[in-house]
Amino acid sequence: MAIERFIGIDLAWANGGTRRPNETGVAAVDRSGAVLDCGWTRGLDETTEWLAGAAVDGSTLVFVDAPLVVDNPAGQRVCEREVGQRYGRWKVSANSTNLGSPRQAGVLLLERLRKTGWSYDDGRQGPPTSGLVLSECYPYTTLVGAAELGYDLERPTYKRRPARVPSADWREVRAQACDELIGRVAGLATADPPLLLASHPVSRRLTEEPSPQRAADYKHREDLVDALLCAWTAALWSRHGLTRCQVLGADSPTPQGYAPTIIAPARAEQRRDGEPGAAMEGGRE
């Protein structure tokens, strides 16, 4: 048996409190790479409702860009530290999350979904073959860890402004970087597994319209791009397992299936036995 549907959620880390929650990008693809649904939700209620409609009962793997399991009282989770150790050369690192962190929407999402039959998988036993399963991912590691996307030297500058880019030029540079990224993601149509942006009108518009420079409009687009990357990463993990991906935080003493981990595509030099990079700019967003 094989997983039939792959879902990516670029979760807004805060649930909003008394304010209107930030947008969450969501995307669902099937084994052929066709985008079945994609768009945006706000808050955990909308996100779980969308997920209930997008999932295939008993055969759905969800990759979430947000911490799902947090058990460290302070400091940084081991999986987050390993992001910097193994992807730092590509200017990728991760923010710290611990029990004192205020933004834990991923933890709340997992708690809610467990009550309706979903389970968390830490990846230490390889990809699941069935069930309603959530795992954690990080799109930056996909961008530099999947050779198909071509970011051989460093992450794309579609989020945080590098020091070398003047503030006055940043919005234009960011939009151009996002357009280039979208073009590379569209190239996954011939990858194994594929991702067919043209198969859904919302994802197809990413390739037809230039990235906006206005901050709110740009963030709207960025959230969807990250959700699509999460969905493709789930499909890559399901298809190729540890031959194409690694499990960051795998050495946790926590029992199997419960460790805080990040499942990340990896080139040979990004793995434990490769030459580690140094933690650099580019924390998680």
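Treat the numbers as computed from the prediction; the structure is a model and nothing was measured. Positions within a chain are numbered from 1, following the residues in the order the chain's sequence is written. Thresholds applied to this predicted model are a pLDDT of at least 70 for local features of residues and 80 or more for the giving and counting of side-chain atom pairs; totals over whole chains, interfaces and linings are not thresholded and use all residues. Processing note: side-chain calculations cover all non-hydrogen atoms of the structure and skip hydrogens and water entirely.

(A) Quick peek at the sheet that holds strand E2 (residues 23–30). When DSSP locates at least two bridges between a pair of strands, those strands are taken to pair. Labels follow the DSSP assignment, with helices taken as runs of H or I lasting at least four residues and strands as runs of E lasting at least two, numbered in each case from the N terminus. What the six strands build is an open sheet, ordered E3-E2-E1-E4-E6-E5; its pairing is mixed. Since the sheet does not close on itself, it has two edges, and those belong to strand E3 (35–42) and strand E5 (119–120), each with one partner. The pairing of strand E4 (residues 59–64) with strand E6 (residues 131–136) spans six bridges and is classified as parallel. When the sheet's bridge partners are listed, Val-62 is paired in E6 with Leu-134.

(B) Structural context of the nonpolar core. If you look at the biggest cluster of nonpolar residues, it comprises 55 residues, and the most contacted ones within it are Tyr-158 and Leu-195. Per element, the largest residue contribution to this core is 13 residues, and it comes from helix H7 (residues 215–240). In this description, contact between two residues means that some pair of their heavy atoms is separated by no more than 4.5 Å. With residues near it in sequence (within four places) discarded, Tyr-158 still touches Tyr-140, Leu-143, Arg-174, Ala-177, Cys-178, Leu-181, Tyr-218, Glu-222, Asp-226 and Leu-229. By size, the runner-up hydrophobic cluster in this structure holds 24 residues, among which are Trp-13, Leu-110, Leu-113 and Trp-118. Throughout, nonpolar core names a set of buried Ala, Val, Leu, Ile, Met, Phe, Trp, Tyr and Cys residues whose side chains join them through atoms within 4.5 Å. Only protein chains enter the accessibility calculation, which uses a 1.4 Å probe; a residue is then buried when its area is under 20% of its type maximum, exposed when over 50%, and partly exposed in between.

(C) Up close: the packing of aromatic side chains. A pair of aromatic rings is counted whenever rings of Phe, Tyr or Trp (Trp by its six-membered ring) have centres within 6.5 Å, and the orientation is called stacked for planes under 30 degrees apart, edge-to-face for over 60 and tilted otherwise. For the coordinates displayed, the defined rule picks out two aromatic pairs. With a centroid separation of 5.8 Å and an interplanar angle of 70°, the aromatic rings of Tyr-138 and Tyr-140 are classed as edge-to-face. For Tyr-140, a relative accessible area of 1% gives the class buried. Between Tyr-140 and Tyr-158, the ring centres sit 6.1 Å apart and the planes meet at 85°, which makes this aromatic pair edge-to-face. In this pair, Tyr-140 is assigned in helix H4 (residues 139–145) and Tyr-158 in the loop between H4 and helix H5 (170–186), connecting sequence segments 18 residues apart. Geometrically, a charge over a ring is one whose NZ (Lys) or CZ (Arg) sits within 6 Å of the ring centre while staying within 35 degrees of the ring normal. Of note, Lys-159 hangs over the ring of Tyr-140, and the distance from its end group to the ring centre comes to 5.6 Å. In this structure, Arg-174 is placed above the aromatic ring of Tyr-218, and the distance from its NZ or CZ to the ring centre is 4.2 Å.

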